[in-house]
There are 2 protein chains.
Amino acid sequence: MALTQLTVVDTAVDILQQFGLADLSMRRLAKELEVQVGALYWHVKNKQELLAAVAAKLLNTEQLRVIPENFATPADAVLQLCRKLYLALLPIQDSPEVIEVASALQVEQLNPVLQLRDLLHSAGLSTEDARFGQQLLLNHILGSVAYRQNLVQLDVDAPQSDGFDWGLQRAVSGLFSRD
Amino acid sequence: MALTQLTVVDTAVDILQQFGLADLSMRRLAKELEVQVGALYWHVKNKQELLAAVAAKLLNTEQLRVIPENFATPADAVLQLCRKLYLALLPIQDSPEVIEVASALQVEQLNPVLQLRDLLHSAGLSTEDARFGQQLLLNHILGSVAYRQNLVQLDVDAPQSDGFDWGLQRAVSGLFSRD
DNA sequence: ACCTGAACACCGTTCAAGT
DNA sequence: ACCTGAACACCGTTCAAGT
């Protein structure tokens, strides 16, 4: 199998899902693909861009879309999209770090983040406020996932809620109430 | 000067503030202190605990307290504390990552985070909800700082607001409105 | 065009041995 | 008790040289 950008990124996604970010090194990736490390740099510019591509692979899926028509209010659609994102990222080790790298480099390529912004906009927020609201909600999603993943990693077996949904509802309520 | 836990942590804080997390390696730290790397491990268990201690040094300062009596409403005190935290962390490179390590390891030693929780509690939220609200606000602070720091790092010179304060006001409003 | 081999300049952690 | 010296098992990135 020839080495392509696609195979490199897909293998990276695999390593991330199976072993976490600590094991996703360029050298490990090269070993998995049975090539020398240097070969990777023909297909990806550097590790940062690779991680951005990994994030895009993780997020740009049909599962992480929401059909606004299926919801009574825009707020409900927003809630649902956020919950989907949270649940999708939770089982992927270190996903918040990966997404952060990507959204710093190129938020515009992460479809669910864009849809989140769109939903907020069509719910009545100005273009700028929709961007801010998207930030608030994304911060909460990634922060909650990171917090939760740290708990299991430190075998704090307290299976207590991380308060994600509670905080989400409060945040959305704050975004849509005028005062 | 004898090597102590205190000097190790203080020097680590120095390196972080001057050069960022990428330069804060155990080896660089040893060089700065003019000892061998191994010597550090007599004074700190590992790098993770060192970073937690660094975070505590950064946050546990009198500057980052708020006098509730000075504010008309608890919500105002919460707003002020969050803004103080945001402004304090912004100039410290990679501070969100450091704080996250620390709050995963030992939230209970970060005074401003505890005060934030306390303020929410005394504002009427249940003990549990105060914890959740603290999470929501901390997520927003750290997320906004990280976002802002990434912008300057990628020399995206757009000095556009990160919407921190806008999001903060919405979040606080959501926390204190009952619906 | 695509890949190898090898180098450069680093990491965190451990541990026998010294004082 | 505290530190050195040295090792172990890694990193990301670059680049002449091969095909």
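Shown above is the structure to which this text applies.
Residues numbered from 1 in each chain as written. Chains lettered and ligands numbered in written order. Predicted model: local features only at pLDDT ≥ 70, side-chain atom pairs only at ≥ 80, totals over all residues. Heavy atoms only, no water.

### Concerning the overall build of chain A
Here is step 1 of the chain: Across its full length, chain A carries 9 helices and 0 strands.
Here is step 2 of the chain: Listed N to C, the secondary structure of chain A is α-α-α-α-α-α-α-α-α in terms of helices and strands.
Here is step 3 of the chain: The dimensions of chain A, computed from C-alpha atoms along their principal axes, are 60 × 40 × 25 Å.
Here is step 4 of the chain: Within chain A, contacts between residues separated by at least 24 positions form 66% of all contacts whose residues are at least 6 apart in sequence.
Here is step 5 of the chain: About 8,900 Å² of surface is accessible on chain A, with carbon and sulfur atoms providing 51% of the total. (Helix = DSSP H or I, 4+ residues; strand = E, 2+ residues; numbered from the N terminus. Contact = heavy atoms within 4.5 Å. Areas by Shrake-Rupley, 256 points an atom, 1.4 Å probe, with all protein chains shown as cover.)

### Here we look at the interface of chain B and chain A
Here is step 1 of the chain: At the junction of the two partners, chain B supplies 31 residues and chain A supplies 31 residues.
Here is step 2 of the chain: Summed over both sides, the interface between chain B and chain A buries roughly 2,700 Å², with carbon and sulfur atoms accounting for 56% of that surface.
Here is step 3 of the chain: Where chain B touches chain A, the interface holds 10 residue pairs in polar contact (both at pLDDT 80 or more).
Here is step 4 of the chain: When contributions to the side of chain B that touches chain A are tallied by element, the ones reaching two or more residues are helix 6 (95–106), helix 8 (127–153) and helix 9 (164–176) of chain B.
Here is step 5 of the chain: At 12 residues, the largest contribution of residues to the side of chain B that touches chain A is made by helix 8 of chain B.
Here is step 6 of the chain: When grouped by side-chain class, the residues that make up the side of chain B that touches chain A number 10 nonpolar, 15 polar and 6 charged. (Buried area = accessible area lost by both parts, 1.4 Å probe. Polar contact = N/O pair within 3.5 Å; in protein donor to acceptor, adjacent residues only side chain to side chain. Nonpolar A, V, L, I, M, F, W, Y, C, P; charged D, E, K, R; others polar.)

### Some details on unusual backbone geometry
All names here are of chain A.
Here is step 1 of the chain: In this structure, glutamate 34 is a non-glycine residue whose phi angle is positive, near 55°.
Here is step 2 of the chain: Mapped onto the elements, glutamate 34 comes out in the loop between helix 2 (26–33) and helix 3 (37–43).
Here is step 3 of the chain: A positive phi is found at aspartate 94, a non-glycine position, where the angle reads about 60°.

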